[in-house]
There are 2 protein chains.
Amino acid sequence: MARKTGSHSQITGPKVRQAASKLFARHGFAAVSMRQIASEVGVQAGALYLYTPDKQSLLFDLMQGHMQDLLTAWEAQEKGRGPLEQLEAFVRFHIGFHLDRPDAVFIAYMELRNLSDENFAVIEGLRKRYEDVLESILREGQQAGVFAVPDTKLAMMALIAMLTGVNTWYREGGRLSRDKVEAIYWDMARKAVAA
Amino acid sequence: MARKTGSHSQITGPKVRQAASKLFARHGFAAVSMRQIASEVGVQAGALYLYTPDKQSLLFDLMQGHMQDLLTAWEAQEKGRGPLEQLEAFVRFHIGFHLDRPDAVFIAYMELRNLSDENFAVIEGLRKRYEDVLESILREGQQAGVFAVPDTKLAMMALIAMLTGVNTWYREGGRLSRDKVEAIYWDMARKAVAA
DNA sequence: GTCTATAAGGTGATAGAC
DNA sequence: GTCTATCACCTTATAGAC
């Protein structure tokens with residue numbers, strides 16, 4: 001049988017991040033105390049500092065991990081050949097990836113202002129890399145005459161805002177399946193930038 | 001000459017709301033203390049309680065005022081006759097109104113989770129009334145055969161997210177004028193829902 | 001109308017026992 | 001690896017002086 005007190009470093013570490021993610025998403029970084037996180041994990045507050053140097057690092061690790069997962073997942077994605085196929089792949093990928101991890105997405109969008117200056121710069125760099133993926137697709141399609149976007153940066157911003165917005169209203173088991181939602185958004189995105 | 005201590009109730013009240021709006025938008029409701037707000041206004045913390053019963057009410061009044069301004073401004077707006085003219089009016093109105101008050105918009109979107117349950121219900125009701133404006137335009141256009149939106153609720157959500165997203169990147173005096181931005185977004189919105 | 005002082009309690013982070 | 005105890009400080013909100 002297990003001891004009441006013992007070695008759990010390989011279990012407690014992930015549990016700390018998971019608890020922080022859940023609580024930061026629900027109540028916001030500033031409103032959550034280290035004691036609340038510890039209570040969710042099932043340890044005392046002091047024990048958290050074995051897994052993070054401070055609260056700020058906990059937030060940064062969560063956000064950096066999320067952005068890196070996003071970029072890695074896109075790179076591993078099957079992409080079509082032409083701009084139209086690539087845009088469809090991006091739209092479906094973005095919606096699916098974001099719906100899979102609502103807490104991480106919420107934190108990544110809401111807690112930027114609670115990052116230290118240095119940490120903010122890192123996260124912004126990763127975000128820019130992701131935005132460049134979509135902007136490149138749009139630029140390529142524009143040059144090929146498949147899209148008619150007078151400004152690729154604006155079109156990129158408009159599409160990303162539209163797609164990420166799904167997270168604010170979609171509920172699993174609701175009126176529409178994920179696939180149906182992806183199809184409807186792909187239809188709107190396609191038409192919005194069509195030549 | 002003015003006394004150091006005197007009667008300023010008609011000046012201090014608005015200053016408190018303005019300071020709170022600025023600080024909540026920059027740092028978040030939970031991260032801002034009553035002492036910080038007082039310091040921004042130029043009074044001591046205790047004096048704030050002459051103008052608000054508590055911190056929660058300060059947040060609620062800001063958000064409720066913003067949502068009521070939004071609905072009032074839309075009702076005072078010139079609208080076109082057909083669905084297409086009405087959609088153009090909505091797109092341009094939404095972008096313009098939101099760019100005019102970035103702090104209030106930021107708070108309205110970011111601080112919902114810091115409202116008490118009762119206050120949240122009130123704000124959600126006002127938000128729903130605004131969403132209904134756009135959904136009605138889309139439904140009317142769908143029935144008239146001007147729009148092709150398989151689901152008016154989804155199209156409404158997609159368009160509002162897209163339009164509100166302008167606030168995240170637009171900077172006064174930047175590369176594009178407000179009117180140019182409105183024109184480009186109107187072009188994308190129109191095409192996205194076009195028949 | 002605003003101030004100072006204070007109540008009652010929460011905060012992030014660390015030290016040392018086990 | 002985790003706990004308890006603690007430090008120094010900040011929090012919202014109120015009472016009473018001016």
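Residues numbered from 1 in each chain as written. Chains lettered and ligands numbered in written order. Predicted model: local features only at pLDDT ≥ 70, side-chain atom pairs only at ≥ 80, totals over all residues. Heavy atoms only, no water.

Draft legend 1. Spatial organisation of the relation of the copies chain B and chain A. Expressed as a screw operation, the relation of chain B to chain A combines 0.0 Å of axial shift with a rotation of 180 degrees, fitting to an RMSD of 0.0 Å. Both copies of the chain, as the preceding transformation shows, are related through a two-fold rotation axis. The share of interface residues of chain B whose copies in chain A are also at the interface is 100%, consistent with both copies meeting through the same surface. (Least-squares fit on C-alpha atoms with pLDDT ≥ 70 in both. Contact = heavy atoms within 4.5 Å.)

Draft legend 2. Region of the structure containing the domain arrangement of chain A. Residue and element names in this part refer to chain A. Splitting chain A by domain gives domain 1 (1-52) and domain 2 (55-193). If you average the C-alpha positions of domain 1 and of domain 2, the two centres end up 29 Å apart. At the junction of the two partners, domain 1 supplies 15 residues and domain 2 supplies twelve residues. In this assembly, domain 1 packs against domain 2 so that about 1,200 Å² is buried in total across both faces, 70% of it on carbon and sulfur atoms. Counting the surface domain 1 buries against domain 2, the share from its top three residues, Phe24, Ala25 and Phe29, is 45%. At the junction of domain 1 and domain 2, the tally comes to zero salt bridges. At the junction of domain 1 with domain 2, the criterion picks out three residue pairs in polar contact (both at pLDDT 80 or more). At the level of elements, α1 (9-27) and α2 (34-41) are the ones that each hand at least two residues to the side of domain 1 that touches domain 2. (Domains from an automatic or database assignment. Buried area = accessible area lost by both parts, 1.4 Å probe. Salt bridge = Lys/Arg side-chain N within 4 Å of Asp/Glu carboxyl O. Polar contact = N/O pair within 3.5 Å; in protein donor to acceptor, adjacent residues only side chain to side chain. Helix = DSSP H or I, 4+ residues; strand = E, 2+ residues; numbered from the N terminus.)

Draft legend 3. Broad picture of the pattern of salt bridges. Inspection of the entire model under this criterion finds 28 salt bridges over all chains. Among the salt bridges present, the one from A:Glu111 reaches B:Arg113, with a minimum N-O distance of 2.9 Å. Taken together, the residues span two chains, with A:Glu111 in the loop between α5 (102-110) and α6 (117-144) and B:Arg113 in the loop between α5 (102-110) and α6 (117-143). In this structure B:Arg113 comes out as partly exposed when scored by relative accessible area, which is 22%. The salt bridge involving B:Arg92 is made with B:Glu88; its shortest N-O contact spans 3.0 Å. Linking B:Arg92 with B:Glu88, this pair stays in helix α4 (residues 83-100), spanning four residues, or about one helical turn. Under the relative-accessibility criterion, B:Glu88 is labelled partly exposed at 27%. Beyond isolated ion pairs, a larger network of salt bridges with shared partners links A:Glu88, A:Arg92, A:Asp179 and A:Glu182. (Buried < 20%, exposed > 50% of the residue type's maximum accessible area, 1.4 Å probe, protein only.)

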